[in-house]
Amino acid sequence: MVDLLLGLQWGDEGKGKIVDVLTKDYDIIARFQGGPNAGHTLEFNGIKHVLHTIPSGIFHKNAINIVGNGVVIDPVIFKKELDNLEKFNLDIATKLFISRKAHLILPTHRLLDAASETAKGKAKIGSTLKGIGPTYMDKTGRNGMRVGDLEFDNWKDKYRSLANKHEGMIAYYNVDIQYDLKELEDEFCEGIEALKKLKFIDSEQYIFDAMANGKKILAEGAQGSLLDIDFGTYPFVTSSNTTAAGACTGLGVAPGKIGRVLGIFKAYTTRVGSGPFPTELFDNDGQTMGRVGNEFGATTGRPRRCGWLDLVALKYAVRINGVTDLMMMKADVLSGFESIKICTAYTYKGKKVEHLPYNIEGNNVVPVYTELKGWSQDLTEMTKANELPPALNAYIAFLEKQLEVPIKIVSVGPDRLQTIHR
Ligand code: GDP
Ligand code: IMO
Ligand code: MG
């Protein structure tokens, strides 16, 4: 069986931390979608490390890590990730395998991302500018380059014809994008050489065999359900299926082989980039969440927008993913608020609704809040569920009742050890 771990909000829920915490119970950790737009932070033994493409099980001796076919890989960023891991002596070549079917992000994909965003002006998506959208467009347009192509001598011809096409497209946008393609290509080729030192596999076959041998597999998602290309706040989304179905296509795992679906959410909500966010706060409370939660993007450093927990959106994500276990992150950040608000419905076109309307824009959706008592205790030293303050337990109980799924982990700090199992 394959268990899934997915973000239920707009990303940055703390997936990296929890995958790292859970890896001791698994033989294989496999990323199934997204690319270096992701930034997954791990903290342990005084080390803080951010991963972008490499799965978050990489620091554990016991686990094999797989970059699955659904992922898009930028060899330039990938090489940097490998270089940054060198000091840890992890013997990467024996424990990190790459799917031949994963698509490659070309330098021109990044340029196209920038050109597209510039052309959109105020309507821009707020992309991480890592070339994600253009690469998935080439994938579905059946023009993409895949990791397996690098095993053939003619890969540079393939590269050239695709890059030439991209240059024409960049010119079409007619925006001021400065670049030196030769320089970018040299860097790209260096990245390819680094990538080629790793083992390329038919990852679906590897996973079939592992399952047949009783291995335990955890599929690691990137981004969050509200950034899903189909079910997110389109067009302010990413270009892959971040939801549970994405693990089936992104690894070649049949639906019947999915075991537990671990859904991870922050005790409040954040979003980075543009797009609707009904519970967004522009007041002191929002600033406090941002400051205490250190809410800056792990990939781009941009400040994250903050707001109260949106239960309407969370319920939707729980249903779409079939979440069996919930994990609530950053509970420590809410310590000190006199009261905690939870959005349980919206007022939309003058009526109360309990689902996500098709078009959330501007102020057409107004959150309806339920208020619970806050708590003031510092949670960051707590290690057991029976230490949690009664008001936090009441918050958890309220959420479990509404979501009809148990909250199995409460995270009270960024470190591996600041994790309470219930
Ligand atoms: P991911 O993309 O889902 O892996 O999440 P990110 O790493 O982008 O963002 C989560 C941030 O919150 C990181 O800086 C983590 O170190 C931090 N973090 C994770 N869990 C907790 C927690 O329980 N409390 C606090 N204060 N920080 C946390
Ligand atoms: P992790 O895995 C938060 C957001 C971007 C932008 C939109 C589209 O760390 O949770 P893209 O670069 O994909 O074209 O950007 O999606 N976004 C993320 N936000 N966490 C992420 O990943 C994100 N990956 C993309 O900010 O709004
Ligand atoms: Mg992140």
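Provided above is the structure to which this section pertains.
Read on for a plain summary of the structure. Think of each chain on its own: its residues are numbered from 1, step by step along the sequence as written. By the order in which they are written, chains take letters starting at A while ligands take numbers starting at 1. Totals for whole chains, interfaces and linings use every residue, but because this is a predicted model, local features are given only for residues with pLDDT of at least 70 and side-chain atom pairs only at 80 or more, for both listing and counting. Computation of side-chain values covers all heavy atoms of the structure but excludes hydrogens and water.

Here we look at helix 3 (residues 107-120)
Each helix corresponds to a stretch of at least 4 residues labelled H or I by DSSP, and each strand to a stretch of at least 2 residues labelled E; elements are numbered beginning at the N terminus. To estimate the expected span of a helix, count its residues, drop one, and scale the result by 1.5 Å. Between the first and last C-alpha of helix 3 there are 20 Å, a value that for 14 residues agrees with the 20 Å anticipated at 1.5 Å per step. Burial runs high along helix 3: 10 of the 14 residues are buried. Buried, partly exposed and exposed residues are distinguished by accessible area as a fraction of the type maximum, computed with a 1.4 Å probe on protein chains only: under 20%, between the cut-offs, and over 50%, respectively. Inspection of helix 3 places P107, T108, H109, R110, L111, L112, D113, A115, S116 and E117 among the buried residues, and these make up the whole buried set. Should any heavy atoms of two residues lie within 4.5 Å, those residues are counted as being in contact. Contacts from the buried residues of helix 3 go to helix 2 (75-85), strand 8 (103-104), helix 4 (132-140), helix 5 (155-173) and helix 6 (181-196). Once helix 3 ends, the next one or two residues include G121, with phi positive near 60°.

Here's the deal with unusual backbone geometry
Following Y234, the chain continues into P235 via a peptide bond in cis, with omega recorded as 5°. Looking at the secondary structure, you find P235 in the loop between strand 10 (217-220) and helix 8 (244-251). The backbone of N89 shows a phi angle near 50°, a positive value even though the residue is not glycine. Within the secondary structure layout, N89 lies in the loop between helix 2 and strand 7 (96-99). Here N294, not a glycine, exhibits a phi torsion of approximately 50°, which is positive. Relative to the helices and strands, N294 is located in the loop between helix 9 (284-292) and strand 13 (305-307). When its relative accessible area of 46% is taken as the criterion, N294 is described as partly exposed.

Examining the environment of D113
In this fold, D113 is placed in helix 3. What makes D113 buried here is its relative accessible area of 8%. With 57 residues separating them along the chain, D113 and I170 place their C-alpha atoms 9.3 Å apart. If sequence neighbours within four positions are ignored, D113 has contacts with S127, L129, K130, G131, I132 and P134.

Let's talk about the coordination of the magnesium ion (ligand 3)
Between any two of four tetrahedral donors, the ideal angle at the metal is 109.5 degrees; between two of six octahedral donors, it is 90 or 180 degrees. Donor selection uses N, O and S atoms within 2.8 Å of the metal (3.2 Å for Na, K and Ca). Since no water is included, sites may look incomplete. Protein ligation of the magnesium ion (ligand 3) involves D12 (OD) and G39 (O), the donor distances falling in the range 2.1 to 2.2 Å. Here D12, found in the loop between strand 1 (2-7) and helix 1 (15-22), pairs with G39, found in the loop between strand 2 (28-31) and strand 3 (40-44); they are 27 residues apart in sequence, far enough to count as distant. Given a relative accessible area of 10%, G39 falls into the buried group.

Thoughts on the site of ligand 2
The rule for a residue being near a molecule or strand is that one of its heavy atoms must lie within 4 Å of it. Residues in close proximity to ligand 2 total 21 residues, the closest being D12, K15, H40, T128 and T238. Counting of polar contacts relies on pairs of N or O atoms within 3.5 Å, with two restrictions inside protein: one atom must be capable of donating a hydrogen and the other of accepting it, and residues adjacent in sequence are counted only when both atoms are side-chain atoms. Between ligand 2 and G39, the relevant distance is 2.9 Å, taken from an oxygen atom to a main-chain nitrogen or oxygen of the residue. Within the contact set of ligand 2, an oxygen atom lies 3.1 Å away from a backbone nitrogen or oxygen of V272. Only the protein chains shown count as cover for residues, and the accessible areas themselves come from Shrake-Rupley with a 1.4 Å probe. Coverage of ligand 2 by the protein chains reaches 97% of its 550 Å² of free accessible surface. Gly is placed with the polar residues, together with every amino acid not listed as nonpolar (Ala, Val, Leu, Ile, Met, Phe, Trp, Tyr, Cys and Pro) or charged (Asp, Glu, Lys and Arg). Taken together, the residues that form the shell around ligand 2 break down as eight nonpolar, 10 polar and three charged.

Some details on the nonpolar core
Nine residue types can take part in a nonpolar core, namely buried Ala, Val, Leu, Ile, Met, Phe, Trp, Tyr and Cys, and a core is a set of them joined through side-chain atoms within 4.5 Å. Counting residues in hydrophobic clusters, the biggest one holds 59 residues, and the most contacted among them are M328, L334, Y395 and L399. Per-element tally for this core: the top contributor is helix 11 (residues 390-403), with six residues. With 39 residues, the next largest nonpolar core counts F78, M145, I170 and I192 among its residues.

Focus: the side chain of R31
Relative to the helices and strands, R31 resides in strand 2. Under this rule, positive means Lys or Arg and negative means Asp or Glu; His and the chain ends count for nothing. Salt bridges are defined as contacts in which a side-chain nitrogen from Lys or Arg sits within 4 Å of a carboxyl oxygen from Asp or Glu. No salt bridge is formed by the buried R31. Its closest oppositely charged neighbour is E220, at 5.1 Å. Separated by 3.3 Å, the side chain of R31 and the backbone oxygen of G35 make a polar contact.

Re the environment of T370
Here T370 lies in strand 18 (residues 365-373). Sequence-wise, T370 and G250 are 120 residues apart; in three dimensions their C-alpha atoms are separated by 38 Å.

Focus on the side chain of T419
Residue placement: T419 occurs in strand 20 (residues 419-421). Of the polar contacts made by the side chain of T419, one reaches the side chain of K17; its length is 3.1 Å. Residues contacting T419, with those up to four places away along its chain left out, are K17, I18, V21, T383, I409 and V410.

Remarks on the site of ligand 1
Taken together, 20 residues lie around ligand 1, and G14, K15, T41, D332 and S411 are the ones closest in. One nitrogen or oxygen atom from the main chain of E13 is found 3.1 Å from an oxygen atom belonging to ligand 1. With respect to ligand 1, the side chain of R304 contributes an N or O atom lying 3.3 Å from an oxygen atom. Protein chains bury 94% of the 580 Å² of accessible surface belonging to ligand 1 in isolation. Of the residues belonging to the shell around ligand 1, the class tally is five nonpolar, seven polar and eight charged.

Here we look at the environment of A219
Of note, A219 is situated in strand 10. On a C-alpha basis, the gap between A219 and F277 in space is 28 Å, while along the polypeptide they are 58 residues apart. Residues in contact with A219, not counting those within four places in the same chain, are V2, D3, L4, L5, A30, F32, A247 and L251.

Some words on the sheet that holds strand 5 (residues 64-67)
We call two strands paired when DSSP finds no fewer than two bridges between them. Read from one edge to the other, the open sheet built from 10 strands follows the order 9-7-5-2-10-1-11-15-19-20, with strand pairing classed as mixed. Each end of this open sheet is capped by a strand with a single partner; those strands are strand 9 (199-201) and strand 20. Geometrically, the sheet is characterised by an average inter-axis angle of 25° between neighbouring strands, direction not taken into account. Pairing of strand 2 with strand 5 involves four bridges; the strand directions are parallel. Opposite A30, over in strand 5, you have I66 as the bridge partner. Lines fitted to C-alpha atoms define the axes here, with helix axes fitted over just the stretch in contact, and angles between the N-to-C directions of these axes take values from 0 to 180 degrees.

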